[in-house]
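# Remarks on the overall topology
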Number of protein chains: 2
Amino acid sequence: MGENKRQMHLNVFIMNVGHHEAAWRRTDTEPRRITDLSYYAELAREAEEAKFDSLFLADGLAVSRNVKHGFQSGLEPFTLLSALAAVTKKIGLIGTVSTTFNEPFHVARKFASLDHISNGRAGWNIVTSGSDLEAANFHKEAHLQHAKRYERAKEFLDVAVKLWDSWEDDALVVDRESGVFADDRKVRAIDHGGSWFHVRGPLNVPRTPQGYPVLVQAGSSEDGKEFAAEFAEAIFTAQQTLEDGQRFYSDVKGRLLKYGRHHDSLKILPGICPIIAPTEEEAKEKERLLNELTVPAYGLHQLSQMVGIDLSQYPLDGPLPELPPVDVINGNKSRFQLVADLAKREQLTLRQLTHRLAGGRGHRVFAGTAVQVADQLEEWFQLGAADGFNVMPPFLPGGLTEFAREVVPELQRRGLFRTEYDSGTLRGHYGLPRPENRWAASEVDRYKEVSL
Amino acid sequence: MGENKRQMHLNVFIMNVGHHEAAWRRTDTEPRRITDLSYYAELAREAEEAKFDSLFLADGLAVSRNVKHGFQSGLEPFTLLSALAAVTKKIGLIGTVSTTFNEPFHVARKFASLDHISNGRAGWNIVTSGSDLEAANFHKEAHLQHAKRYERAKEFLDVAVKLWDSWEDDALVVDRESGVFADDRKVRAIDHGGSWFHVRGPLNVPRTPQGYPVLVQAGSSEDGKEFAAEFAEAIFTAQQTLEDGQRFYSDVKGRLLKYGRHHDSLKILPGICPIIAPTEEEAKEKERLLNELTVPAYGLHQLSQMVGIDLSQYPLDGPLPELPPVDVINGNKSRFQLVADLAKREQLTLRQLTHRLAGGRGHRVFAGTAVQVADQLEEWFQLGAADGFNVMPPFLPGGLTEFAREVVPELQRRGLFRTEYDSGTLRGHYGLPRPENRWAASEVDRYKEVSL
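Residues numbered from 1 in each chain as written. Chains lettered and ligands numbered in written order. Predicted model: local features only at pLDDT ≥ 70, side-chain atom pairs only at ≥ 80, totals over all residues. Heavy atoms only, no water.

The name an unreviewed UniProt entry gives chain A is LLM class flavin-dependent oxidoreductase, with Paenibacillus gansuensis as the organism. Regarding chain A, the UniProt comment filed under Sequence similarities (unreviewed entry) reads as follows: "Belongs to the NtaA/SnaA/DszA monooxygenase family." (UniProt positions renumbered as here; feature names shortened; annotations may be inferred.)

Following this line, the structure appears as structure tokens:
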């Protein structure tokens with residue numbers, strides 16, 4: 001194995017007490033600590049010790065209707081990631097922020113601030129928010145249509161990047177003698193006027209260590225894939241089989257060329273929920289026990305949300321009823337398709353389907369030994385289905401500890417994963433370039449007078 | 001001096017490299033560190049070591065037109081305060097957030113998150129944003145009229161408090177045996193529909209250690225004082241003379257009764273920018289040297305913004321020209337009045353006026369020995385002008401160090417300030433009660449069915 005062997009990227013997706021919906025019923029989880037910084041700090045340090053590229057916090061802007069049997073939210077990403085920046089040194093910090101119910105000035109500014117605070121470790125998972133429950137917290141009766149959400153997301157991102165470019169890297173002068181603090185030719189209004197936003201700028205935060213956060217995307221619909229191919233630098237995706245993973249990988253990578261982008265400029269990270277035990281049998285038993293702890297009403301509720309049908313009246317041991325066509329779904333279209341395909345391919349009952357989805361909400365669950373998990377990751381990585389993985393521990397902290405201490409060393413032994421950080425920024429970990437400021441390239445524009 | 005002697009509260013207002021507009025030209029300040037967490041962490045630890053009640057970050061949502069000679073912004077408060085929460089243990093963390101260009105769901109949520117992260121140390125300085133520059137970053141050509149801004153602020157706060165009350169203190173059940181995670185009778189939609197906002201709720205963060213953040217207010221106009229009397233638990237205010245301070249104090253305290261509030265339920269904290277040296281002469285010289293470092297064009301620009309007139313064409317050594325009446329001012333009305341009064345009372349030239357404002361932008365500047373500073377604070381505190389002070393170091397870190405190591409011990413010797421924290425929360429430091437959840441009091445409403 002050579003020095004320059006291609007290595008995989010690993011992100012850990014931290015959510016409450018783990019991704020399995022019954023994780024909180026295991027006695028080794030600590031559900032009352034989901035609002036404690038110390039809990040997340042322990043997880044972040046464990047992941048950093050294992051040299052993960054990044055940790056990731058998902059987000060939603062509403063409480064689910066089924067708060068009785070499980071809680072999908074805890075702390076808000078900007079605040080929690082900033083606090084974690086203060087107690088870690090190397091690991092990247094990725095947070096979900098919606099473009100649908102936010103303002104680009106606020107979001108660009110908070111990411112700029114987080115990137116400074118973390119010395120260049122910020123990443124933004126760009127989502128478009130797909131539920132009426134969220135809309136109802138922001139004055140709307142229903143949420144935006146799928147295509148409109150992506151239209152807005154594009155303009156939102158355009159404004160954000162303009163704001164991040166509004167300070168050149170060397171705009172701060174700090175000449176005490178002459179009294180010049182900043183070179184005001186290098187701090188520019190953006191004067192954006194579009195269909196969705198009017199923003200004058202400049203941002204009130206100077207250019208950040210990374211230029212701007214790593215742009216991550218997690219939608220796998222047609223709109224989502226196209227958005228990713230145009231803008232994203234990493235993509236989280238749910239893929240159930242190697243073949244699906246390969247198809248998705250080559251589909252998305254194939255779209256890069258038309259945007260003038262290089263194959264390596266976008267990292268594809270399928271989700272994996274690994275259930276690890278010393279033997280395969282023990283791992284399967286561990287998975288079975290976790291599934292047995294699920295509350296059927298909760299699982300059905302979650303499934304109902306994914307497929308857009310109220311399933312509470314259907315028999316648990318019967319089949320999934322006929323689903324509406326995907327084009328009428330205004331939520332997460334790709335997740336809908338995945339569930340429909342899964343139920344059909346494996347002829348699952350509702351109960352079986354809820355168990356299959358309990359671990360990763362559509363992300364792949366794999367139960368086996370640490371070596372078997374490493375084999376799976378290596379296979380996907382070598383066979384063109386992944387540049388790395390979004391690791392989703394089924395329960396926390398144990399599921400992360402097992403992966404960090406058993407699977408990661410195995411991957412390191414195989415030369416597939418770093419043994420030390422060789423960079424201090426998230427862009428560095430993922431091998432992504434620091435974006436050049438749009439104004440830095442042009443000497444003509446550089447000194448254009450822009451009134452502030 | 002008895003055990004129960006009334007003690008003052010001290011907040012440190014941290015801004016860039018200090019409050020004096022020429023602070024960055026002193027060679028002992030570090031202007032290039034204003035985007036470094038380590039810089040703020042050092043300041044926060046110094047303040048915590050001195051047992052300050054809290055530290056405070058102001059905020060604005062635009063870059064000033066005069067970025068060349070001074071920079072008014074650095075990092076965003078939610079992100080920076082969250083990071084500081086991770087590196088401190090006791091000191092309160094107060095941030096400015098505008099009600100004009102934000103959504104109550106986002107703001108309530110981030111403060112709830114910060115309050116959890118800090119274990120009950122969050123405070124919210126509620127401002128209404130008063131500049132067209134800010135409006136232009138949020139799709140508006142001009143900002144809202146003064147009275148409208150306060151109308152919106154009231155409804156914003158109403159929604160926020162409802163959201164903070166949407167989880168009862170004991171809503172989390174976490175019964176692993178029965179599979180009940182939360183008592184859904186204690187997690188309620190708020191169904192707010194008003195003139196400005198429609199928000200369904202509940203919040204997606206459980207009830208926080210303090211119930212909700214300490215509510216701080218910093219406007220001293222008629223609207224501002226009335227808003228403070230109705231809602232605020234602490235108020236930052238700029239008062240130039242003892243008499244003005246006493247008048248303001250009794251005015252605001254006098255308004256509490258009609259809202260059924262106790263005299264002690266609102267703490268009044270005038271700003272003080274202390275310039276400290278071993279002798280009075282040295283302190284005055286230190287002040288003079290700082291004033292000499294100001295850039296006249298910058299000072300005039302700042303003054304122009306305060307009074308709503310472009311002063312750049314007026315002679316620096318001539319008088320302030322006639323000002324428009326206060327009722328046509330749509331910015332900071334109370335600061336306008338303060339400047340007008342100051343210029344008239346002391347018959348100052350424009351240059352003298354910019355020097356008087358250079359240290360604290362209208363807040364009181366006092367140059368003297370540590371004992372003289374302590375005397376001043378004691379006088380205001382004992383003579384009914386203050387419950388404590390908003391300490392605004394003219395330059396940082398030195399100005400804070402001097403205050404913390406020379407003035408604080410003097411106040412402690414006099415029994416006027418704590419020598420140890422006896423509480424872990426910001427409410428505790430200020431002697432403010434933890435607000436009861438609106439639903440906790442009523443057994444009838446408590447079990448009202450609310451559909452989620």
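Turning our attention to the overall build of chain A. Scanning chain A for helices and strands turns up 15 helices and 13 strands. Overall, chain A is about 75 × 55 × 45 Å in size when its C-alpha atoms are taken along their principal axes. Pairs at least 24 residues apart make up 78% of the contacts formed inside chain A by residues separated by at least 6 positions. About 16,600 Å² of surface is accessible on chain A, with carbon and sulfur atoms providing 49% of the total. Across chain A, 54 positive and 63 negative side-chain charges occur, with their mean positions spaced 1 Å apart. (Helix = DSSP H or I, 4+ residues; strand = E, 2+ residues; numbered from the N terminus. Contact = heavy atoms within 4.5 Å. Areas by Shrake-Rupley, 256 points an atom, 1.4 Å probe, with all protein chains shown as cover. Lys, Arg positive; Asp, Glu negative; His and termini not counted. Charge placed at Lys NZ, Arg CZ, Asp CG, Glu CD.)

This part covers the interface of chain B and chain A. At the junction of the two partners, chain B supplies 76 residues and chain A supplies 76 residues. Buried surface at the junction of chain B and chain A, summed over both partners, amounts to about 6,700 Å²; 62% is from carbon and sulfur atoms. When the buried area of chain B at its contact with chain A is split by residue, B:His139, B:Arg176 and B:Phe181 rank highest and sum to 12% of it. On inspection of chain B and its partner chain A, the count reaches four salt bridges. Linking A:Arg109 and B:Asp59 is a salt bridge whose minimum nitrogen-to-oxygen distance equals 2.4 Å. For the pair chain B and chain A, the interface holds 40 residue pairs in polar contact (both at pLDDT 80 or more). Among the secondary structure elements, those contributing two or more residues to the side of chain B that touches chain A are α2 (77-87), α3 (104-117), β5 (172-175), β6 (180-182) and β8 (198-199) of chain B. Here the side of chain B that touches chain A takes eight residues from α2(B), the largest share from any one element. Tallied by class, the residues present in the side of chain B that touches chain A amount to 39 nonpolar, 21 polar and 16 charged. (Buried area = accessible area lost by both parts, 1.4 Å probe. Salt bridge = Lys/Arg side-chain N within 4 Å of Asp/Glu carboxyl O. Polar contact = N/O pair within 3.5 Å; in protein donor to acceptor, adjacent residues only side chain to side chain. Nonpolar A, V, L, I, M, F, W, Y, C, P; charged D, E, K, R; others polar.)

How two aromatic rings sit relative to each other is set out by the distance from centre to centre and by the angle between their planes. Using the criterion set out here, one finds 30 aromatic pairs over all chains in the structure. Ring plane angle 45° and centroid distance 6.0 Å describe the contact between A:Phe52 and A:Phe403, whose orientation is recorded as tilted. With A:Phe52 in the loop between α1 (37-49) and β2 (54-57) and A:Phe403 in helix α13 (residues 398-413), this residue pair connects regions lying 351 residues apart in the sequence. When its relative accessible area of 0% is taken as the criterion, A:Phe52 is described as buried. Residue A:Phe403 is classed as buried on the basis of its relative accessible area, which comes to 0%. What links up through ring pairs into an aromatic cluster is the set A:Phe78, A:Phe111, A:Trp124, A:Phe156, A:Trp164, A:Phe197 and A:Tyr212. The ring of B:Phe366 has B:Lys284 lying over it, and the distance from NZ or CZ to the ring centre is 5.9 Å. (Phe/Tyr/Trp six-rings, centres within 6.5 Å; stacked < 30°, edge-to-face > 60°. Buried < 20%, exposed > 50% of the residue type's maximum accessible area, 1.4 Å probe, protein only. Lys NZ or Arg CZ within 6 Å of the ring centre and 35° of its normal.)

Let's shift gears to the packing of helix α2 (residues 77-87) of chain A against α3(B). Between α2(A) and α3(B), the least distance of the axes is 8 Å, while the angle of their chain directions is 30°. On the basis of the axis angle, α2(A) is roughly parallel to α3(B). For the pair α2(A) and α3(B), the sense of crossing is right-handed. When α2(A) is examined against α3(B), the residues A:Pro77, A:Phe78, A:Thr79, A:Leu80 and A:Ala83 are found in contact with a partner set consisting of B:Arg109, B:Lys110, B:Ser113 and B:Ile117. The residue makeup of the contact of α2(A) with α3(B), split by class, is five nonpolar, two polar and two charged. (Axes fitted to C-alpha atoms, helices over the stretch in contact; angles between N-to-C directions. Parallel < 35°, antiparallel > 145°, perpendicular 65-115°, else oblique. Left-handed = near helix turned anticlockwise from the far one by under 90°.)

Okay, the relation of the copies chain B and chain A next. Expressed as a screw transformation, the operator carrying chain B onto chain A has a rotation angle of 180° and an axial translation of 0.0 Å, and the superposed copies differ by an RMSD of 0.0 Å. Put plainly, the chains are arranged around a two-fold axis. Considering only C-alpha atoms, the part of chain B nearest the rotation axis is B:Ala83, at 2.0 Å. The residues that chain B uses at the interface reappear at the interface of chain A in 100% of cases, marking a shared surface. (Least-squares fit on C-alpha atoms with pLDDT ≥ 70 in both.)

Before going further, it helps to examine helix α7 (residues 242-256) of chain A. All names here are of chain A. Between its terminal C-alpha atoms α7 stretches 21 Å, which fits the 21 Å expected from 15 residues at 1.5 Å a residue. For α7, the full list of buried residues reads Leu-242, Gly-245, Phe-248, Tyr-249, Val-252, Lys-253, Arg-255 and Leu-256. In a view along the axis of α7, the buried residues occupy a sector of 165°, so they form one face of it. In α7, the exposed residues that point more than 90 degrees away from the buried face are Arg-247 and Gly-254. Those residues of α7 hidden inside the fold are in contact with α6 (222-231), β10 (234-237), β11 (267-276) and α12 (370-382). (Expected span 1.5 Å × (residues − 1). Arc of directions from axis to C-beta.)

So, on to the environment of A:Ala229. Residues and elements named next belong to chain A. Looking at the secondary structure, you find Ala-229 in helix α6. Taking relative accessible area as the criterion, Ala-229 reaches 0% and is therefore assigned buried. As for Ala-229 and Arg-261, which are separated by 32 residues in sequence, their C-alpha atoms are 8.4 Å apart. Aside from chain neighbours lying at most four places away, what touches Ala-229 is Val-252, Arg-255, Leu-256, Tyr-259 and Arg-261.

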